[in-house]
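Descriptive structure summary
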Amino acid sequence: MEDRFGHRISYLRVSITDRCNERCQYCMPLEEQEWLDREDILTYEEILRVIRVGTSLGIRKVRITGGEPLTRRNVTWFFEELQKIEAITDTGISTNGTLLARPTREGPSYAEKLSAAGVRTVNVSLDTLDRKQYAETTGRDLLPDAIAGIDAAREAGFEKIKINSVLMRHRNEHELWDLIEFARERDLLLRFIELMPVSTTQVLTEENFLPSGEARKLIEFRLGKLIPRPDIRTNGPASYFEIPKTGQIIGFIGAMTNLHFCETCNKLRLTCEGKLRPCLGSHLEFDMREVLRNPEMSDEDIAKFFLHVVDRKPEMHEFRDNYQPGRKMIAIGG
Ligand code: SAM
Ligand code: SF4
């Protein structure tokens, strides 16, 4: 699939739930909790059908997200089924990590089950190593669980474990070095992410926004001039740098300040209620659920729907023109 601007689409990010065991202020504010009804959420079978049809159009990589994907019932069964779709060559999960070390009903931990089900990459969100700050940012005192989850993931033998830290002035700007050290000690790939206007809360103020360029300067102040590593690419918009003394690689995802952010976009998003979104930073979304639940619609119709949405993919996101919190990340699937 290719859009009007030459973006080749091979990556589908799928949210399987709007629920979460945390309440990150920038994602799901405490004050607002209207869960979707169960029948409004796509079933696993419906999601697998969308992915299967997607592969016939070139989708090769899938990342499962939420909400917190590990809170959905029978999630390990879903990953096992996903593995059976042969054309998918890369399966990943985004998680807050707090449940990874927990045993599943069958015994092994979630981390072990996911690894056995062929998940290659695990992205764990961790913005701070300070327990009090963690509780404040996420609304839950679960830092020890998140760290135990990261350690369980390391033991479970995934190909890649990434740590994603959202940059926030006053909240974690003084901890960037500690996060780097945490990742170095555990051989994890750390990426700093600029706060995006996808929420409805007071955290998303211009004052709390810490640009990645400024974070870089803060890091360089203590660790020396970062060496750009344009040769390193993951399946996304991160820019990577090497820390001179240790050789450690860190990344920056600057949706707001990196003007080339959208050039290599290869992604579509499926929300948990079945909206196909061509771009995180645009309000455009199209109702795939209606097609899926219409008995007269075939896989071919689903394929046509994919192409229709890809055709409407914008050239770039609209965040910069409009730093106005709109739809919450929890509802979209980050
Ligand atoms: N619950 C999982 C987790 O926390 O990783 C998966 C879903 S979460 C919505 C996916 C990612 O979106 C997390 O790394 C989170 O930090 C990020 N995120 C949520 N709201 C954001 C915002 N307003 N700006 C930037 N990143 C955000
Ligand atoms: Fe939950 Fe992840 Fe959103 Fe935090 S960022 S509220 S952990 S979905």
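What this report covers is the structure whose coordinates are included nearby. Here the structure is a predicted model, which is why all the values come from computation and not from measurement.

The mixed open sheet is built from twelve strands, whose spatial order is β7-β8-β9-β6-β5-β4-β3-β2-β1-β10-β11-β12. The strands lining the two open edges of the sheet, one partner per strand, are β7 (227-228) and β12 (286-287). Its contacts with the sheet place helix α7 (residues 212-223) against β5 (160-167), β6 (189-194), β8 (239-242) and β9 (249-253), and it is angled at close to 155 degrees to β9.

With that settled, the discussion passes to the nonpolar core. Ranked by internal contacts, the top residues of the largest apolar core, which has 75 residues, are Leu 12, Phe 79, Phe 192 and Phe 306. With residues near it in sequence (within four places) discarded, Phe 306 still touches Met 1, Leu 12, Val 50, Val 53, Gly 54, Leu 57, Leu 268, Leu 276 and Met 288. If you look at the next biggest cluster of nonpolar residues, it comprises eight residues, including Cys 24, Cys 27, Met 168 and Met 256.

Glancing now at the site of ligand 1. Ligand 1 sits among 17 residues. The nearest are Tyr 26, Gly 67, Glu 68, Ser 125 and Met 196. One nitrogen or oxygen atom from the main chain of Tyr 26 is found 3.1 Å from a nitrogen atom belonging to ligand 1. Taking Glu 68, its side chain carries an N or O atom lying 3.2 Å from a nitrogen atom of ligand 1. Burial of ligand 1 by the surrounding chains reaches 93%, relative to a free accessible area of 540 Å².

A separate point is the packing of helix α1 (residues 44-55) against helix α2 (residues 75-83). Put simply, α1 and α2 touch, their axes get as near as 11 Å, and they point 25 degrees apart. With respect to each other, α1 and α2 are oriented roughly parallel. The two elements α1 and α2 cross, and the hand of that crossing is right-handed. The segment α1 lies against α2, with Tyr 44, Glu 45, Ile 47, Leu 48 and Ile 51 engaging Val 75, Trp 77, Phe 78, Glu 81 and Leu 82. Partitioned by chemical class, the residues of the contact of α1 with α2 number eight nonpolar, no polar and two charged.

Together, Arg 19, Arg 38, Arg 73 and Arg 105 make up a region of like positive charge exposed at the surface. Looking at the secondary structure, you find Arg 73 in the loop between β2 (61-65) and α2. In this structure Arg 73 comes out as exposed when scored by relative accessible area, which is 63%.

Once that is clear, we can look at the pairing of strand β1 (residues 11-15). Burial analysis of β1 places five of its five residues in the buried class, which makes it a mostly covered element. Residue alternation in β1 divides its side chains into two sets, Tyr 11, Arg 13 and Ser 15 and Leu 12 and Val 14, and both sets are buried. Examined bridge by bridge, β1 and β2 share five bridges and lie parallel to one another. Each bridged residue has a counterpart across the sheet, and for Ser 15 the counterpart in β2 is Thr 65. In this structure, β1 lies alongside strand β10 (residues 267-270), joined through four bridges in parallel fashion. Across the sheet, the residue bridging to Tyr 11 is Lys 267, located in β10.

About the thresholds
- Residues numbered from 1 in each chain as written.
- Chains lettered and ligands numbered in written order.
- Predicted model: local features only at pLDDT ≥ 70, side-chain atom pairs only at ≥ 80, totals over all residues.
- Heavy atoms only, no water.
- Pairing = 2+ DSSP bridges.
- Helix = DSSP H or I, 4+ residues; strand = E, 2+ residues; numbered from the N terminus.
- Contact = heavy atoms within 4.5 Å.
- Axes fitted to C-alpha atoms, helices over the stretch in contact; angles between N-to-C directions.
- Core = buried A, V, L, I, M, F, W, Y, C linked by side-chain atoms within 4.5 Å.
- Buried < 20%, exposed > 50% of the residue type's maximum accessible area, 1.4 Å probe, protein only.
- Near = heavy atom within 4 Å.
- Polar contact = N/O pair within 3.5 Å; in protein donor to acceptor, adjacent residues only side chain to side chain.
- Areas by Shrake-Rupley, 256 points an atom, 1.4 Å probe, with all protein chains shown as cover.
- Parallel < 35°, antiparallel > 145°, perpendicular 65-115°, else oblique.
- Left-handed = near helix turned anticlockwise from the far one by under 90°.
- Nonpolar A, V, L, I, M, F, W, Y, C, P; charged D, E, K, R; others polar.
- Patch = residues over 30% accessible without salt bridge, like charges linked within 9 Å, V, L, I, M, F, W, Y side chains within 5 Å.
- Salt bridge = Lys/Arg side-chain N within 4 Å of Asp/Glu carboxyl O.
- Lys, Arg positive; Asp, Glu negative; His and termini not counted.
- Charge placed at Lys NZ, Arg CZ, Asp CG, Glu CD.

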